[in-house]
Amino acid sequence: MPLGIDFTQIFLHLLNVVILFVGLYLILYKPVLSFMQAREDHYKEMDEKAKKTLAEAEEKNAEYVKKLKDVDNEIAQQRKKASFDLGVMRSNAEADARNAASKIIEDAKRDAENQRKAIIDSAKKDITEMVEDATRKVVLSGNTSEAYDMFLDNAERSGN
């Protein structure tokens, strides 16, 4: 062996290094590689689930927004209907009030007419009594011109 180099020792060391690398490859590299691949797959799966969940959430959000708009429209329609119904009720109440007021006025006019007739009848009765009194006085007193003047005075007083 020239220069003190033992090729068998070198060959054996090389063989040990190759066996070490093959052993490490089989024992460590493959499991670590498969573990990393599994971890990467797991994170991809989680990412896909998150994207799917996010898409579903956005879909539901859009659906809820649409439902809210529909509810708002329905509320607006119900408000319009209620406002219309209120207007109808108000106009009906006004018409009823007008009818009641007309009836009250008619009743008041009828009562006033009846009172007027009663007053006229009473006045006629009073005038008739005054004429009778005046006639009795004239007949009993004998002085006709004086009785006539008295009659006219009484008639004037009762007329005012």
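Criteria and thresholds
- Residues numbered from 1 in each chain as written.
- Predicted model: local features only at pLDDT ≥ 70, side-chain atom pairs only at ≥ 80, totals over all residues.
- Heavy atoms only, no water.
- Helix = DSSP H or I, 4+ residues; strand = E, 2+ residues; numbered from the N terminus.
- Rg over C-alpha atoms; globule rule 2.2 N^0.38 Å.
- Buried < 20%, exposed > 50% of the residue type's maximum accessible area, 1.4 Å probe, protein only.
- Areas by Shrake-Rupley, 256 points an atom, 1.4 Å probe, with all protein chains shown as cover.
- Lys, Arg positive; Asp, Glu negative; His and termini not counted.
- Charge placed at Lys NZ, Arg CZ, Asp CG, Glu CD.
- Patch = residues over 30% accessible without salt bridge, like charges linked within 9 Å, V, L, I, M, F, W, Y side chains within 5 Å.
- Salt bridge = Lys/Arg side-chain N within 4 Å of Asp/Glu carboxyl O.
- Phe/Tyr/Trp six-rings, centres within 6.5 Å; stacked < 30°, edge-to-face > 60°.

**Q** I would appreciate a short explanation of the overall build of the protein in the present structure.
**A** Looking only at helices and strands, the protein has 2 helices and 0 strands in total. Over its C-alpha trace the protein gives a radius of gyration of 63 Å, far above what one expects of a compact globule, namely 15 Å for 160 residues. For the protein, the spread of C-alpha atoms along the principal axes amounts to about 200 × 25 × 15 Å. Within the protein, the proportion of its 160 residues that are buried is 2%. When the accessible surface of the protein is totalled, it reaches about 14600 Å², and 62% of it is carbon and sulfur. Here the protein contributes 25 positively and 29 negatively charged side chains, and the mean placements of these two sets differ by 4 Å.

**Q** Looking at this model, I keep getting lost on a negative patch on the surface. Mind explaining?
**A** Negative charge collects at one region of the surface, where E146, D149, D153 and E156 lie side by side. Its place among the elements puts D153 in helix α2 (residues 144-159).

**Q** In this structure, what is going on with the pattern of salt bridges? I would like to understand it.
**A** Any two side chains of opposite charge can pair, on the condition that their charged atoms come close. One pass over the full model with this rule turns up 7 salt bridges. The residue E40 makes a salt bridge to K44 at a minimum N-O spacing of 3.4 Å. Of this pair, E40 and K44 both sit in helix α1 (residues 7-141), 4 residues apart, which is roughly one turn of the helix. A salt bridge links E113 to R116; the shortest N-O distance between them is 2.6 Å.

**Q** So what exactly am I meant to see when it comes to a nonpolar patch on the surface here?
**A** A cluster of nonpolar residues, V18, L20, V22, L24, Y25, L26, I27, L28, Y29 and L33, forms a patch on the protein surface that exposes about 970 Å² of accessible area. Mapped onto the elements, I27 comes out in helix α1.

**Q** Honestly, the packing of aromatic side chains in this entry has me stumped. Any pointers?
**A** If you walk through the whole model with that rule in mind, you get 1 aromatic pair. Considering the side-chain rings of Y25 and Y29, the 5.3 Å spacing of their centres and the 25° angle between planes classify their relative orientation as stacked. Remark: Y29 and Y25 occur in helix α1; sequence separation between them is 4 residues, near one turn of the helix. Owing to a relative accessible area of 46%, Y29 belongs among the partly exposed residues under this scheme.

**Q** Mind showing me how you'd approach the environment of I5 here?
**A** Tracing the chain through its elements places I5 in the segment before α1. Owing to a relative accessible area of 34%, I5 belongs among the partly exposed residues under this scheme. Distance from I5 to K124, taken between C-alpha atoms, is 170 Å for residues 119 residues apart in sequence.

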